[in-house]
Amino acid sequence: MTKQYDVVVIGSGPAGYVAAIRCAQLGLRTACIEKWLNKDNKTVYGGTCLNVGCIPSKALLDSSHKYVEAQQHLDAHGIKVNEVAIDVPAMVGRKDKIVTQLTAGVKGLFTANKVDGIAGTAKLIAKDRVLVTDHEGNEAALAAKHIIIASGSVPIDIPQTPIDHETIVDSTGALEFQEVPKRLGVIGAGVIGLELGSVWSRMGAEVTVLEALDDFLPAVDRQIAREGLKIFGRQGLTIKLGARVTGSKLSKGRNKTVTVEYTDTDGKQKIQFDKLIVAVGRRPYTAALLDDSVAVELDERGYILVDEQCATNVPGVYAVGDVVRGPMLAHKGMEEGVMVAERIADKKTQVNYDLVPTVIYTHPEIAWVGKNEAELEEAGTEYNVGSFPFAANGRALAANDADGLVKLIADARTDRILGCHLIGASAADLLQQIVIAMEFSASAEDIGLTMFSHPALSEAIHEAALAANGHAIHIGNRKRRK
Ligand code: FAD
Ligand code: AMP
C-alpha cells in the first residue's frame, strides 16, 4: 500500500530537516527520507553539515585552537605550562561524540514534531510520488502533494589527484586523520581548504596550500583578504597562489607519500607530501534521484533549476539547499527550507538573498555580509567606509586576541548600511548584529546611536559605524567619501 503524506522531503541535511520540521509544525503530514549511514552502519540524520561538515570541522578547529593557546599564548597571561601534548585520536573522538549527539538530536526533533524519518534512498518517480529503497533492497512508494528535494552536495574530485582515502583525501577524510601528518598539502585556498589546513597546521603539520587563482579569497573584501593572508602566513600556513595542480604520483609500498605537480609563474614544480587534502569545491548531488519521466530541469552545472521561491519547473516539486543555486552554506539552505514549508502552507515567506552572511572559521575568523568596496565601485554606488582595528579595542587587548579589523560600508547619500566585513576573534557572532541591522534597513547612524556594552568586542562595530560618518571616538577619523 502506498503511504500518503502532505509533504515528502528527500535528504535530512540542514535544508531538508529544517523544511520537514517546519512543515510538521504547520500541520502537514511529513516524511523525510535519508540514505546516510554512519561508521557503524546506522542511519543518521543531519546530512553533510552535522556528519562531515560544519560541526565536525568546528570541533577540530576549536580543539586545535585550544592547543595553540596552551602552547603559545598562555605565557602572555603569565600562565606557565610545562608540557603541552596532543592526543589526536582523543581529539577526533571528541568530535565524533558531538556529531553523534547532534545527529541523535535531529532524530529526537523528528519524533517530537511527528516527522516520519525514513531510512533509504529516494527516487522521484512522478511529480507526487517517491520510491524508497531501503538498505536491504526493499522498495516502497510514498505519495505526497508536495515534494521537497534537499539532496545536498558532495566534494568535487579532480583527475589530477584521485582520492585514495589514505594519502589523498577529501574534506571528509581530513576530519579523520589519526596522527598529525608531517607534510600536509591542501589543494584549494577556499573556505574548506583554509579551515582544514589551519586545523592540522596548528597541530604541528607543515602545511602548504596550492591555489590556482592569483588572488587570495577573491570574494572577500580586498583589505580583509590581505590581512588574512598576512596573519595565516604568520601562523605557519604556506599559501602558494597562482599554483595550478596538474598531476600527482603516489609512492609505492607502505606509508605512501604523494608528489604533487603544479605550474606557477616559474613553470613546472613538484612538491612531496605525506597527506594531501583535495578541497577544490563541492558539486550538487542528484545521482539516481530523478526519474526521466518527471523532467525536473537542471542547469548546465547540475544544480536543480529553481525560482526565487525554490519552486522547480514541475508543479508541487521544490528544491532547497546546496542542490540549488547560491552559496553552499547550511544557513542559506535552512532558510530556504522554512520558506518552502511556509509557502506550502500558503504563507508569503521570502528568503532575503541579499543578506546571506559568510564566515571562514579560521582564527581570526573572517566574516562578511552585503556588498564590498569592489562591488560598489563596479556598480557606481557612492559609499562611506568606517574601519576600526581590534588593536584599539579594550576587550580584544585584554584577551590578547587583537588581530584584525571591522569595516562597515554605508550609502553616501542615505547612510543605509550596504555591507560589513570583519576579520577578528568571534567575527561570525559580531557580524550577526549587522545582519540583523541590515534586515531592518539600519543606517550607520542608527548603529552609532545604539548603546554598546563596555568592554566588548562589539564596540569595534560601534566605532566602525561612527567612523563611517567621520566621528569615531577611539581612533583618528579619516572620512572617506567616494
Ligand atoms: P547536505 O547537508 O549535503 O544533506 C543532503 C542529504 O541528502 C544527505 O544527508 C544525503 O545523504 C541525503 N540524500 C541525497 N540524496 C538522497 C536520496 N536520493 N535519498 C535519500 N537521501 C539522500 N556551511 C556553513 O554554513 N558553515 C560552515 O561552517 C560550514 N562548514 C563546512 C565544512 C565542511 C568540511 C564542509 C564539507 C561543508 C561545510 N559547510 C558549511 C557547508 C554545509 O555543510 C552545506 O552547505 C550544508 O550541509 C548543505 O545542506 P543541505 O541540506 O543542502 O545538504
Ligand atoms: P571553494 O570553491 O571556495 O571551496 O574553493 C576551491 C578552490 O580550489 C578555488 O579557489 C579554486 O581556484 C581552487 N582550485 C580548483 N582546482 C584547482 C587546481 N587544479 N589547483 C589548484 N587550485 C585549484
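Residues numbered from 1 in each chain as written. Chains lettered and ligands numbered in written order. Predicted model: local features only at pLDDT ≥ 70, side-chain atom pairs only at ≥ 80, totals over all residues. Heavy atoms only, no water.

Novice: What is the right way to read the site of ligand 1 from this model?
Specialist: Within the structure, ligand 1 sits among 38 residues, and Glu 34, Thr 48, Lys 58, Ala 122 and Asp 322 are positioned closest to it. Lys 35 places a polar main-chain atom, nitrogen or oxygen, 3.4 Å from a nitrogen atom of ligand 1. Isolated, ligand 1 exposes 990 Å² of accessible area, and the fraction of that covered by the protein chains is 95%. Elements represented by at least two residues in the shell around ligand 1 include exactly helix H1 (14-25), strand S2 (30-34), helix H2 (47-52), helix H3 (54-73), strand S4 (121-126) and helix H7 (330-344). Counting residues per element, the shell around ligand 1 draws most heavily on H2, which supplies four residues. A class-by-class count of the residues in the shell around ligand 1 yields 17 nonpolar, 16 polar and five charged. (Near = heavy atom within 4 Å. Polar contact = N/O pair within 3.5 Å; in protein donor to acceptor, adjacent residues only side chain to side chain. Areas by Shrake-Rupley, 256 points an atom, 1.4 Å probe, with all protein chains shown as cover. Helix = DSSP H or I, 4+ residues; strand = E, 2+ residues; numbered from the N terminus. Nonpolar A, V, L, I, M, F, W, Y, C, P; charged D, E, K, R; others polar.)

Novice: Mind showing me how you'd approach the sheet that holds strand S14 (residues 267-273) here?
Specialist: Backbone-to-backbone hydrogen bonds pair the strands of a sheet. The strands run either parallel or antiparallel. Spatially, three strands are ordered S12-S13-S14 in an open sheet, and the strand pairing comes out antiparallel. Strand pairing shows two members of the sheet lacking a second neighbour, strand S12 (244-250) and S14, which therefore form its edges. The sheet shows a mean angle of 25 degrees between the axes of neighbouring strands, taken without regard to direction. Inspection of the sheet shows S12 paired to strand S13 (residues 258-264) by six bridges, in the antiparallel sense. In the strand pairing of S13, Val 245 is matched with Tyr 262. (Pairing = 2+ DSSP bridges. Axes fitted to C-alpha atoms, helices over the stretch in contact; angles between N-to-C directions.)

Novice: Looking at this model, I keep getting lost on the packing of aromatic side chains. Mind explaining?
Specialist: Given two aromatic rings, one states the distance between the centres and the angle between the planes to describe the pair. Inspection of every chain in the model, using the stated rule, returns three aromatic pairs. With centroids separated by 5.2 Å and ring planes inclined at 55 degrees, the aromatic side chains of Phe 177 and Trp 200 adopt a geometry described as tilted. Here Trp 200 lies in helix H5 (residues 191-202) and Phe 177 lies in the loop between strand S8 (168-169) and strand S9 (183-187), a separation of 23 residues in the sequence. You can call Phe 177 buried: its relative accessible area is 5%. Relative to Phe 232, the ring of Phe 216 lies with its centre 6.3 Å away and its plane at 75 degrees, an arrangement referred to as edge-to-face. Placement of Phe 216 in the loop between strand S10 (206-210) and helix H6 (222-234) and of Phe 232 in helix H6 is noted, with a sequence separation of 16 residues between them. The class for Phe 216 is buried, based on a relative accessible area of 4%. Classification of Phe 232 by relative accessible area gives buried; the value is 0%. (Phe/Tyr/Trp six-rings, centres within 6.5 Å; stacked < 30°, edge-to-face > 60°. Buried < 20%, exposed > 50% of the residue type's maximum accessible area, 1.4 Å probe, protein only.)

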